[in-house]
Amino acid sequence: MVGKVPTNVPDGLEGAPVGRRIFLGLLGIGALGIAFGSKVQNALANALGPLEERDPTGLLSLLPLGDTFRFYSVTGSVPDKDASDYRLTVSGLVGRPTTYTLDDLRTMPQIDIVRDFQCVTGWRVPEVHWRGVPLSHLLDLAEPTTEARALRLTSFDGTYTESLTLNQARLPDVIVALDMLGGPVTHNHGGPVRLYVAPMYGYKSVKWLNGIELTADVIPGYWEHRGYSIDGFVGKSNGRSDEPTG
Amino acid sequence: MNQPDSASAPTAGARLLRFTVPVRLIHAVTGGLMLVCIATAAILYNGSLAVIFGHRYVIEQIHVWCGFALPVPLIIGFAAPSYRADLRRLNRFTPHDWNWLRSKTRRSGAIPVGKFNAGQKLNAALSAGSIGVLLATGTVMYFTNVTRLSWRSGATFLHDWFSLGLGLLVMGHIAFALRDSEAMHSMRNGFVSLRWARREHGLWAEELTDVPADTCHPKAE
């Protein structure tokens, strides 16, 4: 080597600080996205949501497009139940405690409602078709005693619970749903029988419903122990201002 | 050792220190937390997995706290000079780097590559930025009473898409690592062979040994 002139400079001492620019640029996109992302999301959901619902491959559902059901379960595996082993028990402060089979529920008067499903975490599925027995009908059959003020609802997942006041439970758009989206409620959606409380956030609509117990006081349910509102009306609770679904 | 004296000219079998102990530790902890975040995110996000694994509350808590912990090793690492030195190198893009990114024959060795190639620099910057965005949006999503609803919706939207992007980035990173066992091994024991360094990171090998890379290539193997 001629002389002692360094043949090279350690990289890192030359060149433009592009890494830092990318880093700060992404943080900038993050700040803009928090402020305006919900508008972009709505546009995307409007454009692609209908496609996703009809996508036979199911691949679109892997993308976060919004306006689609996301499946939540709070326990380990939930047993599959069908007409042979499904039971719904109405108990507690009632004159006539009863246990119903799926066929019993099928032969009761059904009503149809088409209403949005709004989750407290933000997603909303527009115009879902529901069909089932009005909860008020089951209450009439059970004849609640005069002390009964509230319902404790349980799930055959073994863990999930929910609550409604007796007045809320008698609302005409609160149903024990047997069908949704044009067919029997599937296992992932909480089938064979789930609750649908149309005017409230999704966590009130207990999946895999197996028990209705009449109680004197409201007993807070699973998510309500973890900070969610007990009276979960859409747009009027949980610090949210969504368009009501009621 | 940046300036070995001429008496100890490196041989082809020499070992070069590629990653110091602090750098390896930071990588291991960050990588572990990242994998937990990705696994729990997949369960929280994908309907089929959510129904198989259930336990939504527990999974959510693991995801949130591993997420909050994710930047901690990256920040504590600044105490280590070797980590800072690597970050400086990752930060700087030379004209060679832009050529490398555009080139179809970037692995041929014709374009000089320092300690990190342009792809690694890009991956580092994109990963760091994505982690920052996920941390900020995740915080907005988790502390629901702090910000207004439209911000939370925006944060959820960004969090979803950045998770997808970062997940692909991490998958790519792992795929490249699996293709080069010596590179991957050096993340565990720190060292690479001089032969590997000359082939993959010629400028860096040159810098450590003070011998121009060209003259070290044997004319015939």
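Note that the coordinates shown come from a computational prediction; the quantities given were computed from them, not determined experimentally. (Residues numbered from 1 in each chain as written. Chains lettered and ligands numbered in written order. Predicted model: local features only at pLDDT ≥ 70, side-chain atom pairs only at ≥ 80, totals over all residues.)

**Student:** Sorry, what's going on with the overall build of chain B here?
**Tutor:** Of regular secondary structure, chain B possesses 12 helices and two strands. Starting at the N terminus and walking to the C terminus, you meet the elements of chain B as β-α-α-α-α-α-α-α-α-α-β-α-α-α. The proportion of buried residues among the 221 residues of chain B is 33%. Across chain B, contacts joining residues at least 24 apart in sequence account for 64% of those joining residues at least 6 apart. (Helix = DSSP H or I, 4+ residues; strand = E, 2+ residues; numbered from the N terminus. Buried ≥ 20, exposed ≤ 12 C-beta atoms within 10 Å, placed from the backbone. Contact = placed C-beta atoms within 7 Å.)

**Student:** It is not clear to me how the overall build of chain A should be interpreted in this structure. Could you clarify?
**Tutor:** Within chain A one finds four helices and 10 strands. In chain A, which comprises 246 residues, the proportion classed as buried is 37%. A sequence separation of at least 24 residues applies to 61% of the contacts in chain A between residues at least 6 apart.

**Student:** Would you take a moment to explain the interface of chain B and chain A for this structure?
**Tutor:** By a widely used convention, the size of an interface equals the accessible area lost when the partners come together. Each partner contributes residues to the interface: chain B has 49 residues there, and chain A has 42 residues. Those elements that place two or more of their residues in the side of chain B that touches chain A are helix 2 (47-53), helix 3 (56-69), helix 5 (81-91), helix 7 (118-142), helix 8 (149-179) and helix 11 (202-209) of chain B. The dominant element in the side of chain B that touches chain A, judged by the number of residues it contributes, is helix 8 of chain B, at 13 residues. Taken together, the residues of the side of chain B that touches chain A break down into 23 nonpolar, 16 polar and 10 charged. (Nonpolar A, V, L, I, M, F, W, Y, C, P; charged D, E, K, R; others polar.)

**Student:** What is the right way to read the pairing of strand 2 (residues 98-101) of chain A from this model?
**Tutor:** Along a regular strand, successive side chains alternate from one face of the sheet to the other. In this structure, strand 1 (residues 87-92) of chain A lies alongside strand 2 of chain A, joined through four bridges in antiparallel fashion. Pairing of R87 of chain A across the sheet is with T101 of chain A, part of strand 2 of chain A. (Pairing = 2+ DSSP bridges.)

**Student:** Quick question: what am I supposed to make of unusual backbone geometry here?
**Tutor:** Residues apart from glycine generally show negative phi values, whereas peptide bonds are mostly found in trans. All names here are of chain A. A cis amide bond, omega 10°, links G191 with the succeeding residue P192. The residue E143 is not glycine, and still its phi comes out positive at about 55°. The partly exposed category is assigned to E143, around which 14 C-beta atoms lie within 10 Å. Even without being a glycine, W208 presents a positive backbone phi close to 50°. Take W208: it is sitting in the loop between strand 9 (194-197) and strand 10 (209-215). Residue class for W208 comes out buried when judged on the 26 C-beta atoms lying within 10 Å of it.

**Student:** Just checking my understanding: could you explain the confidence of the model for chain A for this structure?
**Tutor:** Detailed reading of the predicted model is not advised wherever pLDDT is low. Residues of chain A with pLDDT of at least 70 account for 88%, and the chain-wide mean is 86. The low-confidence segment residues 1-7 of chain A, where pLDDT is below 50, has one contact with residues more than four positions distant or belonging to other chains. (pLDDT = per-residue confidence, 0-100.)

**Student:** Where do I start with the environment of M200 of chain A in this structure?
**Tutor:** Residues and elements named next belong to chain A. Counting through the fold element by element, M200 comes out in the loop between strand 9 and strand 10. Residue M200 is classed as buried on the basis of its 28 C-beta neighbours within 10 Å. Leave out the neighbours within four places in its chain, and M200 touches G232, F233 and V234.

**Student:** When you look at the nonpolar core in this model, what are you seeing that I'm missing?
**Tutor:** Nonpolar side chains in soluble globular proteins generally cluster together in the buried interior. Core analysis: the largest hydrophobic core is formed by 44 residues, its most contacted members being I175, V176, A177, V193, L195 and L209 of chain A. At the level of elements, strand 1, strand 4 (124-134), helix 3 (135-142), strand 5 (150-155), strand 7 (174-180), strand 9 and strand 10 of chain A are the ones that each hand at least two residues to this core. Top element by residues in this core is strand 7 of chain A. It accounts for six residues. For L195 of chain A, the residues in contact, after removing those within four places along its chain, are L153, V176, A177, S205, V206 and L209 of chain A. Counting 22 residues, the second-largest nonpolar core is a separate cluster that includes A41, L90, A124 and A128 of chain B. (Core = buried A, V, L, I, M, F, W, Y, C linked by C-beta atoms within 7 Å.)

**Student:** Even after reading the chapter, I still don't get the pairing of strand 1 of chain A, so can you show me in this structure?
**Tutor:** All names here are of chain A. Side chains L88, V90 and G92 of strand 1 all project onto a buried face; the interleaved residues R87, T89 and S91 project onto a face where none is buried. Connecting strand 1 to the next strand, strand 2, in antiparallel fashion are five residues. Direction of pairing for strand 1 relative to strand 10: parallel, over a ladder of four bridges. The residue of strand 10 that forms the bridge with V90 is I212.

**Student:** How do you make sense of the sheet that holds strand 2 of chain A when you look at a structure like this?
**Tutor:** Where strands meet in a sheet, backbone hydrogen bonds hold them as pairs that are either parallel or antiparallel. Residue and element names in this part refer to chain A. The strand order across the open sheet built from five strands is 2-1-10-5-6, with neighbouring strands paired in mixed fashion. In this open sheet, the two edge strands, each paired with only one partner strand, are strand 2 and strand 6 (161-165). If you compare each strand with its neighbour and ignore which way they point, the axes differ by 15° on average. (Axes fitted to C-alpha atoms, helices over the stretch in contact; angles between N-to-C directions.)

**Student:** Even after reading the chapter, I still don't get the confidence of the model for chain B, so can you show me in this structure?
**Tutor:** Residues and elements named next belong to chain B. With 89% of its residues at a pLDDT of 70 or more, chain B shows a mean pLDDT of 87. Looking at the elements of chain B, mean pLDDT is at its lowest for helix 12 (residues 213-216), recorded as 49, and at its highest for helix 4 (residues 71-76), recorded as 97. Below a pLDDT of 50 lies the segment residues 1-8, which in the model reaches five contacts outside its immediate sequence neighbourhood of four places, other chains included. Across residues 215-221 the pLDDT falls below 50, and counting only partners more than four positions away or on other chains, this stretch makes two contacts in the model. Under the prediction, the complex receives an ipTM of 0.85, its pTM being 0.72.

**Student:** Help me out: how do you make sense of the packing of helix 7 of chain B against helix 8 of chain B in this one?
**Tutor:** Residue and element names in this part refer to chain B. As a packed pair, helix 7 and helix 8 sit with axes 8 Å apart at the nearest point and diverge in direction by 150°. What the angle tells us is that helix 7 and helix 8 run roughly antiparallel. Between helix 7 and helix 8 lies a crossing whose hand is left-handed. Counted together, N123, L126, S127, S130, V133, L134, T137, G138, V140 and M141 of helix 7 and W151, R152, A155, T156, L158, H159, F162, S163, G165, L166, L169 and H173 of helix 8 form the full contact between these two elements. Taken together, the residues of the contact of helix 7 with helix 8 break down into 11 nonpolar, 10 polar and one charged. (Parallel < 35°, antiparallel > 145°, perpendicular 65-115°, else oblique. Left-handed = near helix turned anticlockwise from the far one by under 90°.)

**Student:** Explain the packing of helix 1 (residues 21-45) of chain B against helix 5 of chain B here, please?
**Tutor:** Packed helix pairs are specified by the crossing angle of their axes together with the interaxial distance, meaning the distance between the axes. Residue and element names in this part refer to chain B. Interhelical geometry of helix 1 versus helix 5 gives an angle of 75° and a closest axis separation of 7 Å. What the angle tells us is that helix 1 and helix 5 run roughly perpendicular. For the pair helix 1 and helix 5, the contacting residues are P22, V23 and I26 in the first and S82, Y83 and D86 in the second.

**Student:** Help me out: how do you make sense of the environment of P134 of chain A in this one?
**Tutor:** Residues and elements named next belong to chain A. Along the chain, the position of P134 falls in strand 4. C-alpha separation for the pair P134 and Y100, spaced 34 residues apart in sequence, amounts to 15 Å. With sequence-adjacent residues up to four places away left out, P134 is seen in contact with I111, P172 and I175.

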